Amino acid sequence: MQQLTVRASNSRALTLNGWIYRVAGTSVSQRWTIATTDRVDSIQHDWDALVKAGRSTPFQTQAWLRPWYRIVAPYVGATPLFVTVKDAVGAPQMLLPLCVRRQGMLRVIEFADGGLSDYNAPLLSRDFAPSAAEMRDLWREILRVLPPADIVRLEKAPASFA
């Protein structure tokens, strides 16, 4: 399992491995549209499509995450944060089921886990296959749309997800 830690400053800039990224709200490139929301109803259709015809694990299904967001999230002081990535025609390509919570003085963005999931991963479309360079560019765009945070911590994520 890999851990990725990203630090942010109060100026809405994120630093990843020495690179600084600005934080916005929604990003549109020629290839992808990336957006964030805290409302499950606004991403319900995308979530259903990715579970039905995409790649996910039991820990990314609604059977696991809906109770997590309803029961565990309030207990650990977390609020939902969903990141969606759609292709140029609007088809869902990726969904990151995240949350935002405070740890001491820090505002942390992380997978919806709370120590309960064996592993964490995004939901992916079957045809989502960006090159390494495209994935780096996509990750930079994802970082730009995240809300302000001190740390983005993605733990228990597999190195690859097939």
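Before reading on, note that the structure itself is shown above.
This is a predicted model, so every value here is computed, not measured.

(A) Focus on the overall build of the protein. Counting its regular elements, the protein contains three helices and 11 strands. Reading the helices (α) and strands (β) of the protein from amino to carboxyl end gives β-β-β-β-β-α-β-α-β-β-β-β-α-β. Looking at the protein as a whole, 45% of its 162 residues are labelled buried. A total of about 8,600 Å² of accessible surface is found on the protein, and carbon and sulfur atoms cover 54% of it.

(B) Layout of the side chain of Thr84. Looking at the element boundaries, Thr84 is found in strand β7 (residues 78–87). Overall, Thr84 belongs to the buried group, its relative accessible area being 9%. Setting aside chain neighbours within four positions, we find Thr84 in contact with Thr33, Ile34, Ala35, Ile43, Asp46, Met94 and Leu95.

(C) Just the side chain of Glu110, in detail. Relative to the helices and strands, Glu110 is located in strand β9 (residues 106–111). Since its relative accessible area comes to 9%, Glu110 is described here as buried. Separated by 2.3 Å, the side chains of Glu110 and Arg101 make a polar contact.

(D) Molecular detail of the packing of aromatic side chains. Applying the stated criterion across every chain, the model contains four aromatic pairs. With a centroid separation of 5.4 Å and 90° between ring planes, the pair formed by Trp68 and Tyr69 is classed as edge-to-face. Judged by its relative accessible area of 3%, Trp68 falls in the buried class. Members of the aromatic cluster, each reached through a chain of ring pairs, are Trp47, Trp68, Tyr69 and Phe82.

(E) A look at the pattern of salt bridges. According to the stated counting rule, one finds five salt bridges in the structure shown. Of the charged contacts in the structure, one is a salt bridge between Asp46 and Lys86, with a shortest N-O distance of 3.3 Å. Of the two residues, Asp46 sits in helix α1 (residues 40–53) while Lys86 sits in strand β7, which places them 40 residues apart along the sequence. Under the relative-accessibility criterion, Asp46 is labelled buried at 6%. Between Arg144 and Glu141 there is a salt bridge, and its shortest N-O distance comes to 3.2 Å. Of this pair, Arg144 and Glu141 both sit in helix α3 (residues 132–145), three residues apart, roughly one helical turn. On the accessibility criterion, Arg144 (36% relative accessible area) is partly exposed.

(F) Structural detail: the pairing of β7. Counted residue by residue, β7 has seven buried out of 10 residues, so it is predominantly covered. Sheet analysis places β7 next to strand β8 (residues 92–103), joined by nine bridges and oriented antiparallel. Across the sheet, residue Ala78 finds its bridge partner in β8, namely Arg101. Counting the residues between successive antiparallel strands, the hairpin from β7 to β8 contains four residues, one of them, Gly90, with a positive phi of roughly 90°.

(G) Focus on the environment of Trp68. Along the chain, the position of Trp68 falls in helix α2 (residues 62–76). Taking C-alpha positions, Trp68 is 8.0 Å from Asp113, a pair spaced 45 residues apart along the chain.

(H) Summary view of the nonpolar core. Judged by nonpolar contacts, the single largest core of 22 residues is most densely connected at Ile34, Leu98, Ile109, Leu138, Ile142 and Leu146. If you list the elements that add at least two residues to this core, you get β5 (32–37), β7, β8, β9, α3 and β11 (151–157). With five residues, the top contributor of residues to this core is α3. Setting aside chain neighbours within four positions, we find Ile109 in contact with Leu81, Leu98, Cys99, Val100, Leu146, Pro147, Ala149, Ile151, Val152 and Arg153. Formed by 14 residues, the second largest nonpolar core is a distinct cluster that contains Trp47, Leu65, Ala73 and Ala78.

Rules and cut-offs
Residues numbered from 1 in each chain as written. Predicted model: local features only at pLDDT ≥ 70, side-chain atom pairs only at ≥ 80, totals over all residues. Heavy atoms only, no water. Helix = DSSP H or I, 4+ residues; strand = E, 2+ residues; numbered from the N terminus. Buried < 20%, exposed > 50% of the residue type's maximum accessible area, 1.4 Å probe, protein only. Areas by Shrake-Rupley, 256 points an atom, 1.4 Å probe, with all protein chains shown as cover. Contact = heavy atoms within 4.5 Å. Polar contact = N/O pair within 3.5 Å; in protein donor to acceptor, adjacent residues only side chain to side chain. Phe/Tyr/Trp six-rings, centres within 6.5 Å; stacked < 30°, edge-to-face > 60°. Salt bridge = Lys/Arg side-chain N within 4 Å of Asp/Glu carboxyl O. Pairing = 2+ DSSP bridges. Core = buried A, V, L, I, M, F, W, Y, C linked by side-chain atoms within 4.5 Å.

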